[in-house]
Amino acid sequence: MRYSLLAGGKRIRPALCIAACELFGGTEEMAMPSACALEMIHTMSLIHDDLPCMDNDDLRRGKPTNHKIFGEYTAVLAGDALLAFAFEHIATATRGVPSGKVVRVIAEVAKAIGPKGLAAGQVVDIANEKNANVDLELLEYIHLHKTAALLECSVVSGAILGGASDEQVEKLRVFARCNGLLFQVVDDILDVTRSSEELGKTAGKDLLADKATYPKLLGLEKAREFALELKHKALNQLSEFDESRAAPLYGLTEYIASRQN
């Protein structure tokens, strides 16, 4: 569990959670248990995604994947344990937040990774490897569920903890969904334009697996244009909020759009 969780990474999901909480007057301390839990869940998804029965990858965050070090059964159980511990941590470590809001966050997280979220996206993704008929609509479904759902949950959870109204939560839900899709489009672009050393994971693996990607369906330049559209749409959702408080969310969006690994 520690090997993968503490291996590095961008920590975008916890950063989004904390930034969204602070946007509405909440504190880092209020959001930190959920932020840490979201990173545990993200790490679980990476451990499982790298397994031979899924993407069969050897490199993650610049290090050998979990199953390469500890074996497949330990990797599966490490992911399972991180998933369980994430919910325990939200429920037992959150302070200064009404219990009803904590329950709402737990429900958001569960939905984001369950049969209407990450798990659904992963199933459809694997089922459509080598499918030449994948179109943009299906590709968007995969990535809205496999990638965007957890980013969306991170922002929404932070907003709930910080005291956002239902209307404000939905505004940030759109912001986060755009960022989640943006993250994946940029990921697809980097996969075909950067080396494994630069990425810290295996470059070109989607091409080798014959998966549909945005550069494959749109072409590289159109994929870059689509990423720019998503960035602008995300940032537009923040226009009604206090600019200084929203600054971290603006900055994180710019980072997601311009990252190089």
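This text follows the structure it describes.
Residues numbered from 1 in each chain as written. Predicted model: local features only at pLDDT ≥ 70, side-chain atom pairs only at ≥ 80, totals over all residues. Heavy atoms only, no water.

As for the packing of helix α3 (residues 28–49) against helix α5 (residues 72–93)
Part 1 of the reasoning: Interhelical geometry of α3 versus α5 gives an angle of 165° and a closest axis separation of 8 Å. Here α5 runs roughly antiparallel to α3, going by the angle between their axes. Our pair here, α3 against α5, has a crossing hand that is left-handed. On α5, the residues that touch P33, S34, C36, A37, M40, I41, T43, M44, I47 and H48 of α3 are A75, V76, A78, G79, D80, L82, L83, F85, A86, H89, I90 and A93.
Part 2 of the reasoning: The residue makeup of the contact of α3 with α5, split by class, is 16 nonpolar, 5 polar and 1 charged. (Axes fitted to C-alpha atoms, helices over the stretch in contact; angles between N-to-C directions. Helix = DSSP H or I, 4+ residues; strand = E, 2+ residues; numbered from the N terminus. Parallel < 35°, antiparallel > 145°, perpendicular 65-115°, else oblique. Left-handed = near helix turned anticlockwise from the far one by under 90°. Contact = heavy atoms within 4.5 Å. Nonpolar A, V, L, I, M, F, W, Y, C, P; charged D, E, K, R; others polar.)

Description of the packing of aromatic side chains
Part 1 of the reasoning: For the structure on display, the rule yields 3 aromatic pairs.
Part 2 of the reasoning: Relative to F241, the ring of F24 lies with its centre 5.6 Å away and its plane at 90°, an arrangement referred to as edge-to-face. Taken together, the positions of F24 in the loop between α2 (12–23) and α3 and F241 in the loop between α13 (220–236) and α14 (243–258) put the pair 217 residues apart, joining distant regions of the chain. Residue F24 shares its accessibility class with F241, and that shared class is buried.
Part 3 of the reasoning: The ring of F183 has R13 lying over it, and the distance from NZ or CZ to the ring centre is 5.4 Å.
Part 4 of the reasoning: Over the ring of F183 we find R259; its NZ or CZ atom is 3.8 Å from the centre of that ring. (Phe/Tyr/Trp six-rings, centres within 6.5 Å; stacked < 30°, edge-to-face > 60°. Buried < 20%, exposed > 50% of the residue type's maximum accessible area, 1.4 Å probe, protein only. Lys NZ or Arg CZ within 6 Å of the ring centre and 35° of its normal.)

Section: the state of the cysteines
Part 1 of the reasoning: This model, assessed by the stated rule, comprises 0 disulfides.
Part 2 of the reasoning: We note that C21 lacks a disulfide partner, and the nearest cysteine sulfur, in C17, lies 6.9 Å from it.
Part 3 of the reasoning: Exposure remark for C21: the relative accessible area of 0% places this residue in the buried category. (Disulfide = S-S within 2.5 Å.)

Things to note about α5
A turn of α-helix holds 3.6 residues, and therefore any two residues three or four places apart point the same way.
Part 1 of the reasoning: Spanning 22 residues, α5 covers 31 Å between terminal C-alpha atoms, matching the ideal 32 Å at 1.5 Å per step.
Part 2 of the reasoning: Among the residues of α5, those classed as buried are A75, A78, G79, L82, A86 and I90. Angularly, the buried residues of α5 cover 100° about the axis, an arc narrow enough to put them on a single face. Exposed side chains of α5 directed beyond 90 degrees from the buried face belong to Y73 and L77.
Part 3 of the reasoning: Buried positions along α5 lie against α1 (2–5), α3, α4 (66–70) and α6 (99–113). (Expected span 1.5 Å × (residues − 1). Arc of directions from axis to C-beta.)

Description of the environment of K171
Part 1 of the reasoning: Position of K171 relative to the elements: it lies in helix α9 (residues 166–193).
Part 2 of the reasoning: K171 sits in the partly exposed class, given a relative accessible area of 28%.
Part 3 of the reasoning: In sequence terms K171 and Q237 are 66 residues apart; their C-alpha atoms lie 6.2 Å from each other.
Part 4 of the reasoning: Sequence-distant contacts of K171, that is, excluding residues within four places in its chain, are made with Q237, E240 and F241.

A look at α6
Part 1 of the reasoning: With 15 residues, α6 extends 22 Å between its outermost C-alpha atoms, agreeing within 8% with the 21 Å of an ideal straight helix rising 1.5 Å per residue.
Part 2 of the reasoning: Those residues of α6 lying buried are V102, V105, E108, V109, A112 and I113. Buried residues of α6, seen end-on, are gathered within an arc of 120° and therefore sit on one face of the element. Facing away from the buried surface of α6 by more than 90 degrees, the exposed residues are S99, V103 and K111.
Part 3 of the reasoning: The elements touched by buried residues of α6 are α3, α5, α7 (118–127), α8 (136–162) and α9.

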